[in-house]
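Chain by chain, the residues run as shown.
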Amino acid sequence: MAAKPFVSDIKAIRERARNHIRQGAVTDGYKADRQTVIKVLNEALATELVCVLRYKYHYYMASGIHSKGVAAEFLEHANEEQQHADLIAQRITQLDGKPNLSPEGLLSRSHSEYVEGKDVVEMIEEDLVAERIAIDSYREIVQYLGNDDPTTRRLMEEILAKEEEHAEDLGNLLQELGKKGEPAREPVRKSAAHV
Ligand SMILES: [Fe+2]
Ligand SMILES: [Fe+2]
């Protein structure tokens, strides 16, 4: 008995591909509600951008003598959130959508918040809260996508795994700072201009 072909009607698929060539990567086989996926991805994009800004702020403000290691971690996370933002924006355009990069309303589109924090410990705590929000909302996005849009789901799964790593890093930092007993409440610099 001949093996079942993976694609049942390659001729029809080829025809469809030709007829709707203007739709780029979105074929008739795309099962998800494209507009909803684009909207959800734009929220994830805003979440990532707010995280970039918050981590950058923390990086610049935590450059005190005791905070070098923590600052390096903030910068690494900022760069990785920027990569996530880029990947999400790219996927939105593949789906024929527009990545919303407008600063207007950025914070209200974002799931995570922008909190400055008074000292290094508070900064880490706020970042951990933001990561945990991202983890929960990305998990929901993955579940929503299911098998309807496997490419977007895979992308969001990869980003989700990274956010879990971030949360673990931050948890470890909090523990280390607690153990050393310093610089637990080192205040951040008042203004970068005075340094
Ligand atoms: Fe991220
Ligand atoms: Fe993250």
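Here the residue numbers are simple positions, counted from 1 along each chain's written sequence. The naming scheme follows written order: chains are lettered A onward, ligands numbered 1 onward. Selection of residues for local features in this predicted model requires a pLDDT of at least 70, selection of side-chain atom pairs for listing and counting requires 80 or more, and totals for whole chains, interfaces and linings are taken over all residues. Neither water nor hydrogens contribute to the side-chain values; these are computed over all heavy atoms in the structure.

Enquirer: Hey, could you run me through empty space enclosed by the protein in this one?
Expert: Remark: the empty space left among the atoms is shown by a probe the size of a water molecule rolled over them. In this analysis a 1.4 Å probe is tested at points of a 1 Å grid over the protein atoms alone, and where it fits but cannot get out there is a cavity; an open set with protein on both sides within 12 Å along at least five of seven lines is a pocket; lining residues have an atom within 4 Å of a point. Grid points are joined across faces, edges and corners, and a volume is the space filled by probe spheres set on the points. Following the criterion strictly, the structure yields one cavity of 30 Å³ or more and no others. By volume, the largest cavity is sized at about 30 Å³. Arg54, Glu113, Val115, Glu126, Val129, Ala130 and Ile133 are the residues that line the largest cavity. Working definition: helices are DSSP H or I runs of at least four residues, strands are E runs of at least two. Numbering for both runs from the N terminus. Among the elements that line the lining of the largest cavity, the one with the most residues is helix H5 (residues 120-145), at four residues. Residues that form the lining of the largest cavity fall into these classes: four nonpolar, no polar and three charged. For this classification, Asp, Glu, Lys and Arg are treated as charged, while Ala, Val, Leu, Ile, Met, Phe, Trp, Tyr, Cys and Pro are nonpolar and the rest, including Gly, are polar.

Enquirer: Would you mind showing me how to read the environment of Lys56 here?
Expert: Tracing the chain through its elements places Lys56 in helix H2 (residues 34-61). For each residue, the accessible area found with a 1.4 Å probe, counting protein chains only, is set against the maximum for its type, and the residue is called buried under 20%, exposed over 50%, and partly exposed in between. Residue Lys56 is classed as partly exposed on the basis of its relative accessible area, which comes to 30%.

Enquirer: I tried to follow the layout of surface pockets on my own but got confused; where do I start?
Expert: For the second largest pocket, the calculated volume is near 170 Å³. As for the second largest pocket, its lining consists of 13 residues, of which Ala25, Tyr30, Arg91, Asp149 and Thr151 are closest to the centre. Of the residues belonging to the lining of the second largest pocket, the class tally is five nonpolar, four polar and four charged.

Enquirer: Mind showing me how you'd approach the pattern of salt bridges here?
Expert: We define a salt bridge as a contact between a side-chain nitrogen of Lys or Arg and a carboxyl oxygen of Asp or Glu at a distance within 4 Å. Enumeration according to the criterion identifies nine salt bridges in this entry. Between Lys162 and Glu80 there is a salt bridge; the shortest N-O distance is 3.6 Å. Of the two residues, Lys162 sits in helix H6 (residues 150-180) while Glu80 sits in helix H3 (residues 68-94), which places them 82 residues apart along the sequence. Judged by its relative accessible area of 23%, Lys162 falls in the partly exposed class. Of the residues examined, Glu80 reaches a relative accessible area of 14% and is grouped as buried. Across the salt bridge formed by Arg139 and Asp136, the nearest N and O atoms sit 2.9 Å from each other. Of the two residues, Arg139 and Asp136 are both situated in helix H5; the distance of three residues between them amounts to about one turn of the helix. In the salt-bridge network here, residues are joined through shared partners; they are Glu80, Lys162 and Glu165.

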